[in-house]
Structure formats: structure tokens, C-alpha cells
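# Topology and contacts: notes
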Amino acid sequence: MYTDTERCVRAVQSKDARFDGWFFTAVRTTRIYCRPSCPAVPPKVENMTFLPSAAACQQAGYRACKRCRPDSSPGSPEWNARADAVARAMRLIRDGVVDREGVPGLAARLGYSTRQVERQLNAELGAGPLALARAQRAQTARLLIETSGLPMGDVAFAAGFSSIRTFNETVREVFALAPGELRARAAGRAGPPEPRIPGTIGLRLPYRAPLNPDNLFGHLAATAVPGVEEWRAGAYRRTLRLPYGTGVVALTPQPDHIGCQLALTDLRDLTLAISRCRWLLDLDADPEAVDGQLRSDPLLAPLVDKAPGRRVPRTVDAAEFAVRAVLGQQVSTAAARTHAARLVTAHGEPVADPEGGLTHLFPSPEALAALDPEQLALPRSRRTTLTTLIAALADGSLALGVDSDWEAARARLAALPGFGPWTTEVIAMRALGDPDAFLPSDLGLRKAAAGLGLPSTPAALTARAAGWRPWRAYAVQYLWATYDHPINHLPA
């Protein structure tokens with residue numbers, strides 16, 4: 001979008017928050033960059049230039065505006081609606097792959113050379129992978145400086161910096177303030193701080209309004225696996241398996257943000273933990289674009305108008321969700337939870353929870369590879385499906401994650417025994433994040449469609465849903481919400 005100067009100028013002059021994260025406004029005279037909704041007086045048109053990322057702005061010598069804080073805007077929804085190499089690279093950079101594995105590790109995951117990855121990112125985003133990772137480190141550092149009481153040394157290493165000197169230099173260069181000055185300014189701003197629990201880091205996760213929390217948190221709470229997930233005191237809580245250790249997160253819906261309390265065994269996992277929480281709740285979605293497209297169908301429009309801003313509940317671990325999807329084949333939500341809880345008790349890794357409600361990590365594919373299929377209370381065909389999936393995940397022949405090529409992953413899943421269209425598509429929707437995943441054979445979806453006067457046979461419903469593309473996964477959420485089921489209600 002940043003190449004459409006006229007459209008960008010209109011967005012800046014109207015201070016339209018819908019475009020935050022889609023592009024950034026760099027002001028040549030002040031050398032400051034802003035989000036489109038910046039409350040300051042808009043600069044003259046001839047002094048504006050538009051760039052696609054905060055990293056491109058920083059690389060061009062601009063510093064972040066102190067009023068609108070453009071580095072803290074929600075991420076571009078474009079990266080979650082595409083499956084090409086650039087979008088997959090951005091999702092991996094957001095997960096901290098460059099910090100942990102370097103640019104060669106990023107290129108290896110994408111299946112390209114480092115030169116090709118750098119060329120594609122520079123061409124589309126105006127910055128290479130190192131600059132993009134540096135911008136993310138700066139954003140994480142600012143978040144910790146302003147919302148936590150961690151010592152600056154801990155902030156530096158938690159944000160992914162290799163030294164305190166580099167941390168100080170980067171913060172000064174990007175924000176034109178020293179770390180201590182940033183913290184002092186944050187302490188002086190009005191507004192209540194995020195409530196903190198001893199031993200945790202309290203954060204605020206921004207999103208594009210509107211956000212309907214009912215089906216989002218309702219689905220996560222209704223399908224929660226005992227010991228791994230729970231709903232407590234108005235928050236969805238779960239355990240996290242992370243590269244350097246483990247964690248427990250509590251996510252609380254608020255009117256203008258998601259409250260996030262993280263307890264980590266290693267602060268180096270902070271960036272990835274934040275990324276996974278945003279991915280889980282689909283916080284980088286663009287509800288205006290999604291709802292606008294779905295409203296074009298006169299039968300869907302009343303559902304969208306009644307409760308706009310529905311998100312797709314995702315997962316923090318694609319392999320975990322794939323296993324749970326197989327356990328949930330042709331059984332009730334309660335039965336699926338029971339099967340999953342048995343696996344957790346037998347093969348999960350114990351964790352310590354500060355509040356005592358969570359006990360285990362969901363078992364990894366490697367741990368599940370040792371299970372005895374005869375001990376599973378499942379039909380024989382389902383046992384074969386589950387053990388085949390676990391073996392493929394454990395030996396690496398099936399890789400699922402935010403960097404997956406959606407169509408290639410679908411083909412690999414469909415080749416496994418017992419994987420029909422429903423299982424493949426629900427994994428594509430909730431584990432891989434494909435916004436166009438669709439479940440025309442789902443019984444609940446077909447009943448909802450029939451109740452609205454939509455076609456109820458899979459073929460006819462798929463043909464009608466062509467007008468909902470590329471947001472069919474969101475249409476599924478609106479249709480499911482027509483039923484009085486716990487997944488559609490925010491728990492008390």
C-alpha cells in the first residue's frame with residue numbers, strides 16, 4: 001500500500017487507525033516516522049514519504065515519534081494473509097528465528113539462499129532480515145522498559161541483544177532517548193499500569209478494533225486440556241514450550257488491549273512468547289477488511305453487524321494442535337479433552353505454575369513417539385492415524401509451523417492415513433493460520449448455513465463461499481457463532 005501516495009496521504013490526514021501497521025509516514029524535515037493515526041498535526045504533503053516497515057524507516061535514518069509510538073502498533077495483517085516467501089520470512093523473524101539461528105537459519109527454513117532472502121525482503125520491505133530483526137528487538141526492549149521493572153541488563157538480553165552496549169546504542173538511535181529516559185517518561189504518563197503478579201512480566205498486547213472476545217476466548221476455554229490450559233479469574237491461562245525453557249501465560253480481554261502476564265524460566269524466550277500469544281489470539285488481523293468483505297453477502301451481513309470483529313482462535317504449537325485435531329475426530333468436545341488429558345498425564349513434562357492450576361506441557365512429538373497404541377482408548381483406525389502423524393512429526397518428514405507453505409502442508413497431511421478434508425482444513429485454519437481455510441463438510445457449519453438459507457451441501461456451500469474469499473476461515477467463525485454452544489460464549 002505504501003506505494004499508493006494519494007491513498008496514504010488521505011489516511012494520514014484523516015488519522016485513520018485502520019492503517020496502522022500497513023505503512024509508516026516518514027517526515028523528511030523532522031526525520032521522524034509516525035503511524036497513520038498520529039495525533040500530531042499532519043506534515044505538509046511534500047514533506048511526507050511512505051515506507052513499508054519500521055525497520056525501513058530506521059534504516060533510512062528516521063527515529064520513532066514519541067507521541068504515537070509507531071513501533072508499538074499492531075503488526076501488518078498482510079503477513080498473516082499470505083503464504084509466499086516474504087510473508088513466511090516475516091512470521092519467522094517475528095518468532096525470533098534470526099536472533100536464535102541467524103540469517104542462514106532463516107534461509108534454510110524457507111528453502112532459499114541467504115542472498116535470495118535478503119533480495120526479496122529488501123525489494124518488498126526496504127530492509128533486510130538483520131534490520132527487521134533489529135527493529136523487533138528495539139520494540140521488545142521498549143515494551144519491557146516501559147511496562148516492567150526489570151533491570152536494564154535483563155531487558156537487554158530478554159529483548160535479544162548480544163550486549164548492553166548494543167542495547168543502549170540501538171535504543172538511543174531508534175527512540176532518541178536513553179533507556180532510563182524511556183522508563184521515566186512511561187512512569188510519568190497518565191493511566192493505570194497493567195496489574196502485575198509477583199514473578200511475572202505484565203504486558204499490553206494491542207490489536208485493531210473491533211475485537212469480539214466471545215468466540216475467541218470461549219473456544220479456547222471450552223476446549224482447554226486439563227493441566228495444560230484453564231480459564232481462571234477472567235483469564236485464559238496455558239503452559240508454553242519455548243526454545244530456552246518453559247513458560248506460563250495468562251491472557252485477559254480488555255476493552256482496548258489484551259492483558260498479558262508471562263512467567264518464563266528464561267527471559268530470552270520473551271520475544272517468541274509474545275509472538276505466539278499474538279498468533280494464538282489473531283491480534284494482527286484487520287477486522288475492517290475481513291468484515292467488509294463478508295458483509296457483501298446479504299445473508300452473512302446481519303451476523304457481522306451483530307457482533308463484528310470475530311477472530312480465528314489459533315494455537316501456540318502447530319504440532320500439538322495437529323495431535324488434538326486427530327483426537328477430536330468424530331467425538332464431542334468433552335471426549336476430545338479427555339483423550340488429550342490422558343496423553344498429558346502419561347507423557348507431558350511437568351512444569352511449575354505460580355498459581356498452581358497448570359501442571360504440564362503438552363507432550364512433544366518425540367515424547368509421544370514412545371506411546372503404546374494399545375493403551376489408547378480409540379478405535380483402531382484412529383490409533384493408526386494418530387501414531388502415523390506422531391511419527392511424521394517426530395522424524396521431521398512433516399513440519400508444521402508459522403513458516404509452513406499452506407498448500408504443501410495440506411498435501412502432506414492429506415497423504416497420511418485417516419486425514420480427510422475436515423482434519424486437514426481445521427489444521428490449516430488454526431495451526432497454520434490460513435485465513436481462507438474452509439470446512440464445508442463440518443456438521444455444525446452445514447446446520448448453521450441451512451438455518452440462514454445458505455446451501456447446506458458441501459459442494460454448493462463451497463461454491464457460495466467463493467464470494468467470501470480470502471476470509472472464509474472468519475466466515476466459519478460467524479456461522480459457528482449462531483449456535484448456543486460454550487465455544488461461542490466468554491466464560492463467566
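Residues numbered from 1 in each chain as written. Predicted model: local features only at pLDDT ≥ 70, side-chain atom pairs only at ≥ 80, totals over all residues. Heavy atoms only, no water.

### Remarks on the overall build of the protein
- Of the regular secondary structure elements, the protein holds 22 helices and 11 strands.
- Here the C-alpha radius of gyration of the protein, 23 Å, is about what a compact globule of 492 residues would show, namely 23 Å.
- On the principal axes, the C-alpha backbone points of the protein span a range of 70 × 50 × 50 Å.
- Here the protein holds 492 residues, and the buried ones make up 56% of them.
- Taken as a whole, the protein presents about 19,900 Å² of accessible surface, with 54% of it coming from carbon and sulfur.
- In the protein, 57 side chains carry a positive charge and 49 a negative one; their mean positions are 3 Å apart. (Helix = DSSP H or I, 4+ residues; strand = E, 2+ residues; numbered from the N terminus. Rg over C-alpha atoms; globule rule 2.2 N^0.38 Å. Buried < 20%, exposed > 50% of the residue type's maximum accessible area, 1.4 Å probe, protein only. Areas by Shrake-Rupley, 256 points an atom, 1.4 Å probe, with all protein chains shown as cover. Lys, Arg positive; Asp, Glu negative; His and termini not counted. Charge placed at Lys NZ, Arg CZ, Asp CG, Glu CD.)

### Overview of the environment of Asp214
- Position of Asp214 relative to the elements: it lies in helix α10 (residues 213–222).
- Spatially, the C-alpha atom of Asp214 lies 9.5 Å from that of Pro486, the residues being 272 residues apart in sequence.
- Each residue touching Asp214, except ones within four places of it in the same chain, is listed here: His219, Arg310, Ile487, Asn488, His489 and Leu490. (Contact = heavy atoms within 4.5 Å.)

### Quick word on the sheet that holds strand β7 (residues 235–241)
- With antiparallel pairing, 5 strands are arranged side by side in an open sheet as β5-β9-β8-β7-β6. Looking at the sheet topology across the chains shown, the edges are occupied by β5 (201–205) and β6 (229–232). On average, each strand axis in the sheet is tilted by 25° relative to the strand beside it, whichever way the strands run.
- When β7 meets strand β8 (residues 246–253), the two strands line up antiparallel, connected through 6 bridges. (Pairing = 2+ DSSP bridges. Axes fitted to C-alpha atoms, helices over the stretch in contact; angles between N-to-C directions.)

### Things to note about the pattern of salt bridges
- As enumerated under the stated definition, the model contains 30 salt bridges in all.
- Measuring nitrogen to oxygen at the nearest pair gives 2.4 Å for the salt bridge that ties Asp99 to Arg137. A residue pair is termed long-range when its members are at least 10 positions apart, and Asp99 in helix α4 (residues 97–110) and Arg137 in helix α6 (residues 129–147) qualify at 38 residues.
- Residue class for Asp99 comes out partly exposed when judged on its relative accessible area of 31%.
- Of the charged contacts, one joins Glu229 and Arg238 as a salt bridge, the two residues approaching to 3.8 Å between their closest N and O atoms.
- By relative accessible area, which is 5% here, Glu229 ends up buried.
- Here the salt bridges share partners, and the residues they tie into one network are Glu230, Arg232, Arg237, Asp353 and Glu355. (Salt bridge = Lys/Arg side-chain N within 4 Å of Asp/Glu carboxyl O.)

### Here we look at the packing of aromatic side chains
- If you walk through the whole model with that rule in mind, you get 6 aromatic pairs.
- Consider the rings of Phe23 and Phe50, whose centres lie 5.6 Å apart with planes at 85°: the pair is edge-to-face. With Phe23 in the loop between α1 (5–13) and β1 (24–27) and Phe50 in strand β3 (residues 48–51), this pair connects stretches of sequence that are 27 residues apart. Neither Phe23 nor Phe50 differs from the other in exposure class; each is buried. (Phe/Tyr/Trp six-rings, centres within 6.5 Å; stacked < 30°, edge-to-face > 60°.)

### Considering the sheet that holds β1
- Read across the sheet, 4 strands follow the order β3-β1-β2-β4 without closing on themselves; strand pairing throughout is mixed. The outermost strands of the open sheet, each flanked by one partner alone, are β3 and β4 (63–64).
- The sheet contact formed by β1 and strand β2 (residues 32–34) spans 3 bridges and is antiparallel. Opposite Ala26, over in β2, you have Tyr33 as the bridge partner.
- Sheet contacts for α1: β1 and β3; angle to β3, the most-contacted strand, approximately 105°.

### Considering the pairing of β6
- Inspection of the sheet shows β6 paired to β7 by 4 bridges, in the antiparallel sense. In the strand pairing of β7, Glu229 is matched with Arg238.

### A few points about the packing of helix α20 (residues 443–452) against helix α22 (residues 472–480)
- Orientation of α20 relative to α22, taken along the N-to-C sense of each, is 75°, at an axis distance of 9 Å. The angle between α20 and α22 places the two elements in the roughly perpendicular class. Every residue of α22 that contacts α20 at Gly444, Leu445, Ala448 and Leu452 is listed here: Val476, Leu479 and Trp480.
- Here the contact of α20 with α22 is composed, by residue class, of 6 nonpolar, 1 polar and no charged. (Parallel < 35°, antiparallel > 145°, perpendicular 65-115°, else oblique. Nonpolar A, V, L, I, M, F, W, Y, C, P; charged D, E, K, R; others polar.)

### A short note on the nonpolar core
- Counting 62 residues, the largest nonpolar core has Leu294, Val323, Leu389, Leu400, Ile427 and Trp468 as its most contacted members.
- At 8 residues, helix α14 (residues 318–327) tops the list of elements feeding residues into this core.
- Ignoring sequence-local partners within four residues, the contact set of Val323 consists of Leu343, Phe362, Leu368, Leu386, Leu389, Ile390 and Leu393.
- Judged by nonpolar contacts, the second largest core, of 51 residues, contains Ala56, Phe161, Ala273 and Leu281. (Core = buried A, V, L, I, M, F, W, Y, C linked by side-chain atoms within 4.5 Å.)

### With respect to α20
- All of the buried residues along α20 are Leu445, Ala448 and Ala449. Projected onto a plane normal to the axis of α20, the buried residues spread over an arc of 100° and lie on a single side. Projecting away from the buried face of α20 at angles above 90 degrees are the exposed residues Leu443 and Gly451.
- Among the structural elements, α21 (458–464) and α22 are those in contact with the buried residues of α20.
- Capping the start of α20 is the job of one residue whose side-chain oxygen sits 3.1 Å from the backbone nitrogen of Gly444: Asp442.
- Among the residues trailing α20, Gly453 stands out with phi positive, at a value near 90°. (Arc of directions from axis to C-beta. Polar contact = N/O pair within 3.5 Å; in protein donor to acceptor, adjacent residues only side chain to side chain.)

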